[in-house]
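Examination of the molecular architecture
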Amino acid sequence: MSGIEANFDGLVGPTHHYAGLSVGNEASLTNKHQYSNPKQAALQGLKKMKALSDMGFIQGILPPQPRPNLDILRQIGFQGSPATIIAEAAKHPFLLSAFSSASSMWTANAATVSPSADSLDHRVHFTVANLNNKLHRHHEAAITGDILRATFNNPDYFAHHESLPSHSDFGDEGAANHNRFCAEYDQPGIQLFVYGRQATSNALQPQRYPARQTREASEAIARLHRLSPENTFFAQQNPAVIDQGVFHNDVIAVSNQNVFFYHQQAFVHSKALFADLQRACHRLAIDFQGIEVPQAAVSVEDAVASYLFNSQLLTTADGEMSLIVPEECRQKENVWAYLQTLVESQQTPIRAIRSFDLRESMRNGGGPACLRLRVALNASELNAVNPHSLMTQARYDALVTWVNTYYRDRFSTQDLADPQLIDEVHTALDALTKLLSLGSVYAFQR
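Residues numbered from 1 in each chain as written. Predicted model: local features only at pLDDT ≥ 70, side-chain atom pairs only at ≥ 80, totals over all residues. Heavy atoms only, no water.

**Observations regarding the overall build of the protein**
Tallying secondary structure elements over the protein gives 16 helices and 15 strands in all. Along the longest, intermediate and shortest principal axes, the C-alpha atoms of the protein span 60 × 45 × 45 Å. Looking at the protein as a whole, 61% of its 446 residues qualify as buried. Counting only contacts in the protein whose residues sit at least 6 apart along the sequence, the fraction spanning at least 24 positions is 77%. (Helix = DSSP H or I, 4+ residues; strand = E, 2+ residues; numbered from the N terminus. Buried < 20%, exposed > 50% of the residue type's maximum accessible area, 1.4 Å probe, protein only. Contact = heavy atoms within 4.5 Å.)

**Some points on unusual backbone geometry**
Trans is the common state for peptide bonds, and a negative phi is the common state for residues other than glycine. In this chain, Arg67 is followed by Pro68 through a cis amide linkage whose omega measures 0°. The residue Pro68 is located in the loop between strand S2 (59-62) and helix H3 (70-75) in this model. With a phi close to 50°, Leu131 is a non-glycine residue in the positive phi region. Inspection of the secondary structure puts Leu131 in the loop between strand S4 (124-128) and helix H6 (141-151). One non-glycine residue, Ser437, lies in positive phi territory at about 50°. Inspection of the secondary structure puts Ser437 in the segment after helix H16 (420-435).

**Remarks on the sheet that holds S4**
Read across the sheet, three strands follow the order S3-S4-S5 without closing on themselves; strand pairing throughout is mixed. Bordering the open sheet on either side are strand S3 (111-114) and strand S5 (158-161), each of which pairs with just one other strand. Averaged over all pairs of adjacent strands, the angle between their axes in this sheet comes to 15°, without regard to strand direction. As judged from the four bridges shared by S4 and S5, these two strands associate in the parallel manner. (Pairing = 2+ DSSP bridges. Axes fitted to C-alpha atoms, helices over the stretch in contact; angles between N-to-C directions.)

**Observations regarding the sheet that holds strand S10 (residues 259-263)**
Read from one edge of the open sheet, three strands run S9-S10-S11, paired in mixed fashion. Sheet topology places strand S9 (253-256) and strand S11 (289-293) at the edges, where each strand pairs with a single neighbour. The mean inter-strand angle of the sheet, taken between neighbouring strand axes irrespective of direction, is 10°. Across four bridges, S9 lies against S10 in antiparallel orientation. Note on S10: the bridge partner recorded for Val254 is Phe261. Packed onto the sheet, helix H12 (residues 333-345) meets S10 and S11 and runs at close to 150° relative to S11.

**A short note on the pattern of salt bridges**
Under the definition given, this model contains 21 salt bridges. Glu5 is paired through a salt bridge with Arg374; the nearest N and O atoms lie 3.0 Å apart. Of this pair, Glu5 sits in strand S1 (residues 4-10) while Arg374 sits in strand S15 (residues 372-377); the two residues are 369 residues apart in sequence, bridging distant segments of the chain. The residue Arg351 makes a salt bridge to Glu320 at a minimum N-O spacing of 3.8 Å. Separated by 31 residues along the polypeptide, Arg351 in strand S14 (residues 350-356) and Glu320 in the loop between strand S12 (312-315) and strand S13 (321-326) bring together distant segments of the chain. Relative accessible area serves as the criterion here: at 29%, Arg351 is assigned to the partly exposed category. (Salt bridge = Lys/Arg side-chain N within 4 Å of Asp/Glu carboxyl O.)

**Quick word on the packing of helix H15 (residues 393-406) against H16**
Packing of H15 against H16 leaves a shortest axis separation of 10 Å and a crossing angle of 170°. Classified by the interaxial angle, the pair formed by H15 and H16 is roughly antiparallel. In contact with Arg395, Ala398, Leu399, Trp402 and Tyr406 of H15, H16 contributes Thr427, Ala428, Leu429, Ala431, Leu432 and Leu435. Its residues placed into classes, the contact of H15 with H16 shows nine nonpolar, one polar and one charged. (Parallel < 35°, antiparallel > 145°, perpendicular 65-115°, else oblique. Nonpolar A, V, L, I, M, F, W, Y, C, P; charged D, E, K, R; others polar.)

**A closer look at the nonpolar core**
Among the nonpolar cores identified, the biggest contains 99 residues, and Leu46, Leu192, Phe260, Phe267, Leu277, Val375 and Leu377 are the most heavily contacted of them. Leaving out residues up to four positions away in the same chain, Val375 has contacts with Ile4, Glu5, Ala6, Phe8, Val113, Val124, Phe126 and Phe152. Formed by 22 residues, the second largest nonpolar core is a distinct cluster that contains Val259, Phe261, Leu313 and Leu323. (Core = buried A, V, L, I, M, F, W, Y, C linked by side-chain atoms within 4.5 Å.)

Without other data, these values stay purely geometric and don't point to any function.
Dropping the structure here:
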């Protein structure tokens, strides 16, 4: 068995709601205060996971985090029993919503991962993202680290790093700003880190929305992962597209093996970047192929609305590639027409398009690629992964039953004040960690 790329998707949490917390994310802001359906959201995500597993891909599952986060509510002064804390926090709706967000479902932001083939110590490296640009996400890092260590729990194969300093100069949003090019997943590759701004320079910054990832953070991760400098590149995302709602690189570009699928306006100095990537890939015998989507075919606005690039580009068993897109791509006439032309031309490895209904996630600004963390593994490393975290028919059936047992089918920001919610969530997550054999990864279990 050669190397594989596993996708570890985040399960949508029981407090999935629309609060418009993510400035810079157009979908999140547009759907603020509408009703959500946590049960449907979780089932939609599981359906995608199961479909990819049935297609022969290695599919993993990462659990949600406990919300509302009582620990951080206590840290900012709310005291008493859980019910009292919730009642008092409900008088400050923004804070209760921020610390009840189910945003850990978007595991593309959980961490940055480098495979053993690229690291000097030949281990798979994980650096948990600090997500310090957003109040509702900055408190995910510690539990994310615990979950990843429980899932990838053999130190002979896996190296886990804490998040970077929680300062704006080291703003880190995880794998949503990271690409890798390779011939095979278990062979040395080229890593491309994409940043929105350089903390030590005031030049080339967006004016409307924040640039969440800094170059300094990306460079720190490359050092932590012990990557070869000659195989590591840093590129700046076009500030103009950030101001149009491209808050992460995975909203404007996606890579897989030797293919880079990206928008014409994605990067600053794109010609020089792609010349560098081609030379580096050639040195490692990687047949680099760039697929540039022209603005005339799909505008940045349409790319953001459809999440065309927030798709999963996957290599099938026959060596061809499939693009897993949200249903919104099918509904956008020019986007769907472009995709049909792309496949029919047979000039790229992309041979199939498959759409999934992820409406609940999409309305909060997360498509197929947001929901997954990519982990390239060799056979020994795959065998070292917690087997109960991998999708099977039996595990899918058990997870569907779990969701139907514990999740609500209608939820609003007002429901966060329900004193029964904490018990519901803790009971659900306690059952889930047993189902996935993760141990006591949550503080309330210890």
